[in-house]
Amino acid sequence: MKKTTLLLFLALTGCQDDFLEKQPIDQFTDEAVWSDPKLVVPFVNSKYNSIGWGFDEVLWASLSDEAMFKHDYGTHLVNRGEVGPSNLGITNSWTKNYGYIRDVNLFFERIDDVPMDEALKKRLMGEMKFIRAFRYFDLIRNYGEVPLITKTFGLNDDFTQVRRAPLAEGTAFVVKEADEAAALLPLAYEGADVGRATRGAALALKARMLLYAASPLYSPSRDAAKWQQAADAAKAVLDLGQYQLYPNYQELFLTPHNAEVIFERARVAVGDGWVHLELSNGPNGYGGWGGNMPLQNLVDAYQTSTGKNITDPTSGYNPQNPYLNRDPRFYATILYNGAKYKDRAVETFVPGGKDSQDGPEEWNTSITGYYLRKFMNERKQLKDFSNGSTTHWIHFRLGEVLLNYAEARNEASGPDATVYDAVNQIRARVSMPTLPAGLSQAQMREAIRRERQVELAFEEHRYYDVRRWQIAGQTESQPARGIIVTKNPDGTLKHEVTTVQERRFADRNYWLPIPFKETQANPALKQNPGW
């Protein structure tokens, strides 16, 4: 375990000050660690690092039809369907996940040896079950069938007979772990322990896993009973009565520990060692790097304020005044030409726009004509390297759980009142009209999918949603589109949609390939189809 990993989580330990004077945990023997509860607690804390922090410089949105990453970093291979077992790049989570799973397995093999308060031990066991369940969920959503390993392997142990478990067995394991974690975890924490996994977090993970398990990619038979299980699991989170929709959608992501958050991750961000969210994605005219560039594909998903799709002739949409009267979540998510940002309006028009290719740093210009606004703290100076971004990454929130419930319930029994209520709660938060009455199950399915696309934009859902729905062959093979805004001599603007990247998706891309070195080390690991 790395010393830096431990230090990230000392703020969560709640232990005595004298612990800070001890040696780093990676310099202790195993026997020392598993005989001293003051060392076990930070060991557990360090495993939270495995849950991840979504604000790496490349957002997963740029691997979907939400965005494109300006500076590539291997993302364009994903966009073109060209990743393979030997060049997974940023999509390779196999080794990291199993490394942390090994640490969790070690914890369960040794925790009974530790003389410590039983209530604390019970809680730590719940946290570690949650973390193991989360790691296996991440493996399953990326690779499908994966080995289920619940013990540690020594250097002399034979691991070449480790095989991938059937998909149903893997999803059942995650559900079981989440259930057991929920039984051991409290509803909430106080003080320094805020941010740890709670009962709600474990149940939200279970609900998400069951939603995936019922989806076409996982369950081609479209079993209504599986959808109902997913609906029941989501309702169990709602029935806790612990969470409320935060009234301001934009501030939701900038307000730590607010009432909508079920589980979030904070990252210590001092100095320039961590990614600077605002600098990485801000407009070039403000000194930003324009990294994760929203696509026109996403922009077109936002309805007008009438609650109608822009393709509806009665929606009021004007392609030459395209940003007028749109869903408020559009304004909270995307910076476009004319959007008020900091001390001026964004200028992506050409010629001469400060945030266009004519701006001060052409290499940091968004080629889609859009910049990211969601998550961005506009009070931060983009080039202030004295401290990094402080926005928390939200893994689970009430808005997602409501949409999970609506989707599962609609697939199980059709668009009843509970389905409408779940979706309309979210729309009401941003003053969008309620869904039209009398929708068929298929129409409600499309409405919910669009709602997920805009409500959960840039939150690492779209990449997986289009795969579990098995529609990625359509959405991910569409050209990535942007907008060219031309300023005429008389000051009027012309808007022209353009293709910025051709994209391809093949059936084999529904699952990532297992890394080449893993299948070489263990011939019993059967590779995913098509690879």
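Keep in mind it's a predicted model, so treat the numbers as computed, not measured.

The rules behind the values
- Residues numbered from 1 in each chain as written.
- Predicted model: local features only at pLDDT ≥ 70, side-chain atom pairs only at ≥ 80, totals over all residues.
- Heavy atoms only, no water.
- Axes fitted to C-alpha atoms, helices over the stretch in contact; angles between N-to-C directions.
- Helix = DSSP H or I, 4+ residues; strand = E, 2+ residues; numbered from the N terminus.
- Left-handed = near helix turned anticlockwise from the far one by under 90°.
- Contact = heavy atoms within 4.5 Å.
- Nonpolar A, V, L, I, M, F, W, Y, C, P; charged D, E, K, R; others polar.
- Buried < 20%, exposed > 50% of the residue type's maximum accessible area, 1.4 Å probe, protein only.
- Pairing = 2+ DSSP bridges.
- 1 Å grid on protein atoms, 1.4 Å probe; cavity = no way out; pocket = protein on both sides within 12 Å on 5 of 7 lines; lining within 4 Å.
- Points joined across faces, edges and corners; volume = space filled by probe spheres on them.
- Core = buried A, V, L, I, M, F, W, Y, C linked by side-chain atoms within 4.5 Å.
- Salt bridge = Lys/Arg side-chain N within 4 Å of Asp/Glu carboxyl O.
- Parallel < 35°, antiparallel > 145°, perpendicular 65-115°, else oblique.
- Expected span 1.5 Å × (residues − 1).

Overview of the packing of helix H15 (residues 417–429) against helix H16 (residues 441–455)
- Interaxial distance between H15 and H16 falls to 12 Å at its minimum, and their mutual angle equals 35°. Handedness of the H15/H16 crossing: left-handed. Along the contact surface, H15 presents Val 419, Tyr 420, Val 423, Ile 426, Arg 427 and Arg 429, while H16 presents Met 444, Ile 448, Glu 451 and Glu 455.
- Across the contact of H15 with H16, the residue classes tally to 6 nonpolar, no polar and 4 charged.

What about the pairing of strand S8 (residues 393–397)?
- Counting buried positions over the 5 residues of S8 gives 5, a clear majority of the element.
- Inspection of the sheet shows strand S2 (residues 261–265) paired to S8 by 4 bridges, in the antiparallel sense. Bridge pairing in S8 places Phe 263 opposite Phe 396.

Topic: empty space enclosed by the protein
- Following the criterion strictly, the structure yields 6 cavities of 30 Å³ or more and no others.
- If you add up the space inside the largest cavity, you get close to 140 Å³.
- Forming the boundary of the largest cavity are 15 residues, of which Val 78, Gly 81, Arg 467, Phe 505 and Asn 509 lie nearest the centre.
- Residues belonging to the lining of the largest cavity are distributed by class as follows: 7 nonpolar, 4 polar and 4 charged.
- Roughly 50 Å³ of volume is contained in the second largest cavity.
- Pro 216, Arg 222, Trp 227, Glu 407, Glu 411, Arg 445, Arg 449 and Trp 469 are the residues that line the second largest cavity.

Some words on the environment of Glu 278
- Within the fold, Glu 278 resides in helix H11 (residues 277–281).
- A sequence separation of 159 residues divides Glu 278 from Ala 119, and the C-alpha atoms of the two residues are 41 Å apart.
- With sequence-adjacent residues up to four places away left out, Glu 278 is seen in contact with Phe 375, Met 376, Asn 377, Lys 380, Leu 382, Ser 389 and Thr 391.

Some remarks on the nonpolar core
- Counting 99 residues, the largest nonpolar core has Phe 107, Phe 130 and Tyr 136 as the members making the most contacts within it.
- By size, the runner-up hydrophobic cluster in this structure holds 41 residues, among which are Ala 61, Ala 301, Ile 394 and Met 432.

Observations regarding the pattern of salt bridges
- One pass over the full model with this rule turns up 37 salt bridges.
- Here Glu 177 and Arg 132 are joined by a salt bridge, their closest N and O atoms 2.7 Å apart. Residue Glu 177 is found in helix H7 (residues 167–184), and its partner Arg 132 is found in helix H6 (residues 118–143); the two are separated by 45 residues along the sequence. For the residue pair Glu 177 and Arg 132, the accessibility class agrees, reading buried in each case.
- Shared partners join several salt bridges into a network, and the residues in it are Glu 260, Asp 327, Arg 329, Lys 374, Arg 397, Arg 427, Arg 429, Glu 451, Glu 455 and Glu 459.

As for the packing of H6 against H7
- At a closest axis distance of 8 Å, the pairing of H6 and H7 adopts a crossing angle of 155°. Of the possible angle classes, the one that applies to H6 and H7 is roughly antiparallel. The way H6 lies across H7 gives a crossing that is left-handed. Of the residues in H7, those in contact with Lys 122, Arg 123, Met 125, Gly 126, Lys 129, Phe 130, Arg 132, Ala 133, Tyr 136, Phe 137 and Ile 140 of H6 are Leu 167, Gly 170, Thr 171, Phe 173, Val 174, Glu 177, Ala 178, Glu 180, Ala 181, Ala 183 and Leu 184.
- Partitioning the contact of H6 with H7 into residue classes produces 13 nonpolar, 3 polar and 6 charged.

Thoughts on H7
- Look at H7: 26 Å from first C-alpha to last across 18 residues, which is about the 26 Å you get at 1.5 Å a residue.
- On its buried face, H7 is in contact with H6 and helix H8 (199–214).

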